[in-house]
Amino acid sequence: MKYLVAVRALCEFTAKHGDLDLRFTPSPSAQEGMAGHALVASRRGGAYEAEVSLEGEYKTLRVRGRADGYDPEHNQLEEVKTFRGDLHAMADNRRNLHWAQLKIYGWLLCESRKLQDINLTLVYFDVASTQETPLTEHFSAASLKEYFETQCERFLAWADQELAHRQARDAALARLAFPHPTFRPGQRELAEAVYRTAQAGTCLMAQAPTGIGKTIGTVFPLLKAVPKKQLDKLFFLAAKTPGRKLALDALDRIKGSAGTHEQPLPLRVLELVARDKACEHPGKACHGDACPLAKGFYDRLPLARSAAVKHAATHGTLDKSALRELALAHHVCPYYLSQELVTWSDVVVGDYNYYFDTSALLHGQTAGNQWRVSVLVDEAHNLVERARKMYSATLDQAELQQVHATAPRAVKGALERLNRSLNELQQPQQAADEHYRVYPELPASFLKVLGQALTQVTDFLLANPTRMDGALQDFYFEALHFSRMADAFGEHSLFDVTLLQDNGSNENSGSVFGGQVTLGAGAGQSCAVLNIRNVVPAPFLAPRFAAAQSTALFSATLSPQNYYADTLGLPAGTVWSDVQSPFLAEQLRVSAVSDVSTRFQDRDDSLSPIVDLMARQYDAKPGNYLAFLSSYDYLQKLVKLFRQRYPHIPAWEQTRGMEETARDAFLARFTPASKGIGFAVLGGSFAEGIDLPGDRLIGAFIATLGLPQVNPVNEQIRERMGANFGAAQSYDYTYLYPGLQKVVQAAGRVIRTTSDQGVVYLMDDRFTRPEIQNLLPGWWEVSRVRARHKQTSVV
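Focus on the packing of helix H5 (residues 187–200) against helix H6 (residues 214–229)
It is the contact of H5 with H6, at a shortest axis distance of 8 Å, that shows an interaxial angle of 30 degrees. Between H5 and H6, the crossing angle belongs to the class labelled roughly parallel. H6 is crossed by H5, and the crossing has right-handed handedness. Judged by residue contacts, Gln187, Leu190, Ala191, Val194, Tyr195, Ala198 and Gln199 of H5 engage Lys214, Ile216, Gly217, Thr218, Pro221, Leu222, Lys224, Ala225, Lys228 and Lys229 from H6. The residue makeup of the contact of H5 with H6, split by class, is 9 nonpolar, 4 polar and 4 charged.

Notes on the sheet that holds strand S24 (residues 699–702)
If you trace the 7 strands from one edge of the open sheet to the other, you get S22-S23-S21-S24-S25-S20-S26, paired in parallel fashion. On the outer flanks of this sheet lie strand S22 (651–653) and strand S26 (782–785), each paired with one strand and no other. Between one strand and the next, the sheet's axes are offset by a mean angle of 20 degrees, whatever the strand orientation. Both S22 and strand S23 (residues 676–681) contribute to a ladder of 3 bridges, which runs parallel. Bridge assignment links tryptophan 652 to a residue of S23, and that residue is glycine 678. Packed onto the sheet, helix H21 (residues 603–620) meets strand S20 (588–593), strand S21 (624–629), S23, S24 and strand S25 (758–762) and runs at close to 140 degrees relative to S23. Strand contacts of helix H22 (residues 632–645): S21, S22 and S23, with the helix running at about 160 degrees to S23, the strand carrying the most contacts.

A closer look at the nonpolar core
A general tendency of soluble globular proteins is for nonpolar side chains to be buried together. Counting 139 residues, the largest nonpolar core has Phe356, Phe482 and Leu530 as the members making the most contacts within it. With sequence-adjacent residues up to four places away left out, leucine 530 is seen in contact with Ala393, Thr394, Leu395, Leu422, Leu425, Phe446, Phe482, Phe495, Asp496 and Val497.

Re helix H11 (residues 334–341)
With 8 of 8 residues buried, H11 is to be regarded as a mostly interior element. Along H11, the residues classified as buried are Pro334, Tyr335, Tyr336, Leu337, Ser338, Gln339, Glu340 and Leu341. On the buried face of H11, the contacting elements are strand S9 (269–271), helix H8 (275–278), helix H9 (297–314), helix H10 (320–329), helix H12 (353–356) and helix H13 (361–369).

Focus: the pairing of strand S7 (residues 203–207)
Burial runs high along S7: 5 of the 5 residues are buried. By the alternation rule, side chains of S7 split into Cys203, Met205 and Gln207 and Leu204 and Ala206, which are all buried. As paired elements, S7 and strand S18 (residues 550–555) share 5 bridges and run parallel to each other. Residue pairing for S18: cysteine 203 is matched across the bridge by threonine 551. Sheet topology note: the S7/strand S19 (residues 575–578) ladder contains 4 bridges and is parallel. If you follow alanine 206 over to S19, its bridge partner there is serine 577.

A few points about the pairing of strand S4 (residues 76–83)
Burial within S4 is extensive, with 8 of its 8 residues counted as buried. Where burial is concerned, the two faces of S4 agree: the one with Gln76, Glu78, Val80 and Thr82 and the one with Leu77, Glu79, Lys81 and Phe83 are both buried. Bridge count between strand S3 (residues 61–71) and S4: 3 bridges; the pairing is antiparallel. Counterpart to tyrosine 70 in the pairing with S4 is leucine 77. Here S3 hands over to S4 after 4 residues, with asparagine 75 in that stretch at a positive phi of 45 degrees. For S4 and strand S5 (residues 117–126), the ladder comprises 8 bridges, and the chain directions are parallel. Looking at the pairing, phenylalanine 83 lines up with aspartate 126 of S5. The parallel pair S4 and S5 is bridged by helix H3 (residues 92–113), and the resulting crossover is right-handed.

Thoughts on unusual backbone geometry
With an omega of -5 degrees, the peptide bond between serine 559 and proline 560 qualifies as cis. Tracing the chain through its elements places proline 560 in the loop between S18 and helix H20 (561–568). Its identity as a non-glycine residue notwithstanding, glutamate 51 has a phi of 55 degrees, on the positive side. In this fold, glutamate 51 is placed in strand S2 (residues 49–58).

Thresholds, definitions, all that
- Residues numbered from 1 in each chain as written.
- Predicted model: local features only at pLDDT ≥ 70, side-chain atom pairs only at ≥ 80, totals over all residues.
- Heavy atoms only, no water.
- Axes fitted to C-alpha atoms, helices over the stretch in contact; angles between N-to-C directions.
- Helix = DSSP H or I, 4+ residues; strand = E, 2+ residues; numbered from the N terminus.
- Parallel < 35°, antiparallel > 145°, perpendicular 65-115°, else oblique.
- Left-handed = near helix turned anticlockwise from the far one by under 90°.
- Contact = heavy atoms within 4.5 Å.
- Nonpolar A, V, L, I, M, F, W, Y, C, P; charged D, E, K, R; others polar.
- Pairing = 2+ DSSP bridges.
- Core = buried A, V, L, I, M, F, W, Y, C linked by side-chain atoms within 4.5 Å.
- Buried < 20%, exposed > 50% of the residue type's maximum accessible area, 1.4 Å probe, protein only.
- Right-handed = clockwise from strand over helix to strand, strands pointing away.

Take a look at the structure:
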């Protein structure tokens, strides 16, 4: 059996040396990179071969990759690298890596076509100017073969170890048994659906109720599918930190049950965390002259990498704490060590953005290394909103003016021209006295000025790579993202401009400060906020689903399936599985309150009957309850009245901007012995992803349908939904389905096991409508009650 390695992975293992150097290097986007490669290919002759697949062997290694292009007329193999800025500023170790890749490709081509020699050309393509800088060298096939074999020899011992690990892993996973004596009700059905779709190489949408063990019910069957499908990696993607924790716990449980003390299950599990949570020196730049953990990073990486693999084999998961300990022991950066270890891991647990974002690490490595991967998307109902944020962008004129006030002289002119362009852009709205306007497309004149400003700031930052100017860089990256989303603008998104009035209190508004005129529209004028709002992320996500061998999206709330399939861009043939609930209607009494309205105009009138109903339920059955409201303002009014009227009932509430310690304290009040009511906002951190089984939570009051606010932005989103999916779907896709998904998630906190008992009050008259009740879980039996009737039945 041969160990398969991508050219990129081989060279990164053998040819990377020196410092980790992430001085300002504005990398082209994936779209710019693909466009650059396509443009270079289009400039070549008719005999030019683009995207040349190559493969070769050395001892137990099989090396494969895809060279960018070959010109047989000139016997020239090209590798195209897109970049921005000054090519001379590119770090030597980066350029050496490019040559290493090209020389490997050169030998593979010489071997496959029986060539005696070849011209190798690195083509550096500037995405801003579209100019090419070719660097060409002539090599004999013999010299390239020697280079290839040298690199392979350096990798061979590691490859033999990796091949042994792969064989042991697959053999162990083929024998893997479920880590519990039996499946929970519904869990086997879910596991079988995941396994079948993994074997078929298709996509699965699985709606499964909370409390059945969805995490282990999806991870286990996918691990079982690894040997037959020859999968390289599994990606478990979570919306929030608790989802990652559940996945890591499930994997630890599987490893613990399948292995022994002498022979642990050979499965390497890696957790990816955000850079700001892993950084040891947050005030330092990521290069060897600033950060001690970046100095000589690649020289110390081999020992750190070996130690990490050994830890995974003997001690378990490479989670955040384990990685930090290993990294600091070898004096390397924990965050970038985790990124390097993706290549050598079997299961990677991380946030959605690592696979679905514009420059996602896991998707980029999957494509670059030609990995066979399967993807699990936890709590997938969150992916619509999260993906919208990934592919939306904002440009704020007020931020531009603040940056200009402290910006270096070299870029002030560019920022001033950008500000003038924004002033011109908002003039039609000012003349029409419009606070908000949607435009059918982005104005070309503004985009031209924006591009020029970005070029000038790019040049400055490249010329001053060690300069620490956080405000300028933050604005630059926001503007760059805006520019990229503008290039991808289409029917899936909105472009709008909001004018915010300047009250004249800003000291920078049209004033002279430090001898220079600072930007500003002047007192009483307005600043523009430009938004590209992604409404339908499907066009961006569809290629990500296509890149995986299989994908399983699972959640307790994925109904109706057409809404999620349409907005997420799931492939044709996606399998739908609605796992039957293991819970009985007798376990959960669901009551729709028919004489209360929580519509905005009725909220003040709703306060009194709601607090009375809550108190009656509590007095009839004291215990722990959660109350969910549509906003903090509504919550605060309700809590104030509740405490005034019923001071004997303990009450605590979620607050705006709650820190993690405060959130933990909020949840800590829900104990088997405690009693009281916690007030929270629907859709917030306590409305999903928390587990309060048994007497820790016995009921929920939900005083909202969760519908997004009717405002100009949401009405424009509704129109765009209608344009994409038909007018009949526009209201439901914009308001109804997203709202009720939050309601069902919140209610799902009450019943967590088959022995739980509880109550849910849906406090709005609209919950009594058949069309609303049809969207609630099928196992619920909803009765109708009145809040104001003194004899309201409570349990």
